[in-house]
Amino acid sequence: DVQYKYRMAVRYFEKPDYDRAMPLLEELLTLTRGDTLFEPVSYYYAMGNFGQKDYILASYYLENFAKTFRNSPHAEQCSFLAAYCHYMESPGDELDQTDTQAAIDKLELFMVRFPDTELKDSCNTLIDELRSKLEMKDYAAARQYLRTRYYSAATVALQDFLRKWPNSPHREQALFSIF
């Protein structure tokens, strides 16, 4: 019975016992397609992936929910959490920053889609933190030329760093290194 499975999945979800809820919700996704239950099942499934800290899948399903059910009361929350999943996938500043840039783009897109959101301050804080990672990555890359004694390349890289990050806390050290 679809209704019984739905009630049990919601009960498990609210405990939270995601290991039991997710298989039921996954089955209900196919059974309720085109039904009025499809929206809440999709929401619980997306949130279940987020609750399990599977941020890649959660991002996909949260974003898909926000696009599919634009008028849902959960659309704003899901859109923010999808962007937050990208933030959680952002690696440390010594690694490739593709995910960091994607997180910044998603958070900015969220603020464009929901300009009156109460989460604006949170988004700005997350974006500042992500930009700080990008700044550290650029600074470390420029400093690497100094360590390897490629001084002309270091000068160019540090000048590019200063152009890109004029208010960096590493500005003084970069200027000194150029000198």
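Quick note: structure is the one above.
Residues numbered from 1 in each chain as written. Predicted model: local features only at pLDDT ≥ 70, side-chain atom pairs only at ≥ 80, totals over all residues. Heavy atoms only, no water.

## Some points on the overall build of the protein chain
Here comes step 1: Looking only at helices and strands, one finds 9 helices and 0 strands in the protein chain.
Here comes step 2: Mapped from its N terminus to its C terminus, the protein chain presents α and β elements in the order α-α-α-α-α-α-α-α-α.
Here comes step 3: The C-alpha atoms of the protein chain give a radius of gyration of 22 Å, which is well past the 16 Å a tight globule of 179 residues would have.
Here comes step 4: Taking the principal axes of the C-alpha coordinates as reference, the protein chain spans close to 75 × 35 × 25 Å.
Here comes step 5: The burial tally for the protein chain puts 40% of its 179 residues in the buried class.
Here comes step 6: A separation of at least 24 residues holds for 49% of the contacts in the protein chain among residues at least 6 apart in sequence.
Here comes step 7: Only carbon and sulfur atoms are counted for the fraction: they give 51% of the accessible area of the protein chain, which is about 10800 Å².
Here comes step 8: Side-chain charges in the protein chain split into 21 positive and 27 negative, and the spacing between the mean points of these groups amounts to 3 Å. (Helix = DSSP H or I, 4+ residues; strand = E, 2+ residues; numbered from the N terminus. Rg over C-alpha atoms; globule rule 2.2 N^0.38 Å. Buried < 20%, exposed > 50% of the residue type's maximum accessible area, 1.4 Å probe, protein only. Contact = heavy atoms within 4.5 Å. Areas by Shrake-Rupley, 256 points an atom, 1.4 Å probe, with all protein chains shown as cover. Lys, Arg positive; Asp, Glu negative; His and termini not counted. Charge placed at Lys NZ, Arg CZ, Asp CG, Glu CD.)

## So, the nonpolar core
Here comes step 1: One finds Leu25, Leu62 and Leu107 to be the most contacted residues of the largest nonpolar core, which totals 54 residues.
Here comes step 2: For this core, the secondary-structure elements that each account for two or more residues are helix 1 (2-14), helix 2 (18-31), helix 3 (38-51), helix 4 (55-68), helix 5 (75-89), helix 6 (98-113), helix 7 (120-147) and helix 8 (151-164).
Here comes step 3: Sequence-distant contacts of Leu107, defined by excluding residues within four places in its chain, comprise Phe80, Ala83, Cys123, Leu126, Ile127 and Leu130. (Core = buried A, V, L, I, M, F, W, Y, C linked by side-chain atoms within 4.5 Å.)

## Regarding helix 6
Because each turn of an α-helix spans 3.6 residues, side chains separated by three or four positions end up pointing in the same direction.
Here comes step 1: The first and last C-alpha atoms of helix 6 sit 23 Å apart over 16 residues, in line with the 22 Å expected at 1.5 Å per residue.
Here comes step 2: Every buried residue belonging to helix 6 is among Thr100, Ala103, Ile104, Leu107, Phe110 and Met111, and all of these are buried. Along the axis of helix 6, the buried positions cluster into a sector of 125 degrees, meaning they face one direction only.
Here comes step 3: Where helix 6 is buried, its residues meet helix 5 and helix 7. (Expected span 1.5 Å × (residues − 1). Arc of directions from axis to C-beta.)

## Structural notes on the environment of Asp1
Here comes step 1: Relative to the helices and strands, Asp1 resides in the segment before helix 1.
Here comes step 2: Classification of Asp1 by relative accessible area gives exposed; the value is 67%.
Here comes step 3: In sequence terms Asp1 and Arg70 are 69 residues apart; their C-alpha atoms lie 29 Å from each other.

## A closer look at the packing of aromatic side chains
Here comes step 1: Considering all chains together, one arrives at 16 aromatic pairs under this definition.
Here comes step 2: Aromatic pair Phe50 and Tyr55: ring centres 5.8 Å apart, planes at 70 degrees, arrangement edge-to-face. Of the two residues examined, Phe50 and Tyr55, each falls in the buried class.
Here comes step 3: An aromatic cluster of at least three residues, connected via ring pairs, comprises Tyr6, Phe13, Tyr18, Phe38, Tyr43, Tyr44, Phe65 and Phe69. (Phe/Tyr/Trp six-rings, centres within 6.5 Å; stacked < 30°, edge-to-face > 60°.)

## A word on the environment of Lys120
Here comes step 1: You can see Lys120 is positioned in helix 7.
Here comes step 2: Overall, the relative accessible area of 32% leaves Lys120 in the partly exposed class.
Here comes step 3: Here the alpha-carbon distance between Lys120 and Thr30, two residues 90 residues apart in the chain, equals 35 Å.
Here comes step 4: In contact with Lys120, other than residues within four places in its own chain, are Met111 and Pro115.
Here comes step 5: At 2.9 Å, the side chain of Lys120 forms a polar contact with the backbone oxygen of Pro115. (Polar contact = N/O pair within 3.5 Å; in protein donor to acceptor, adjacent residues only side chain to side chain.)

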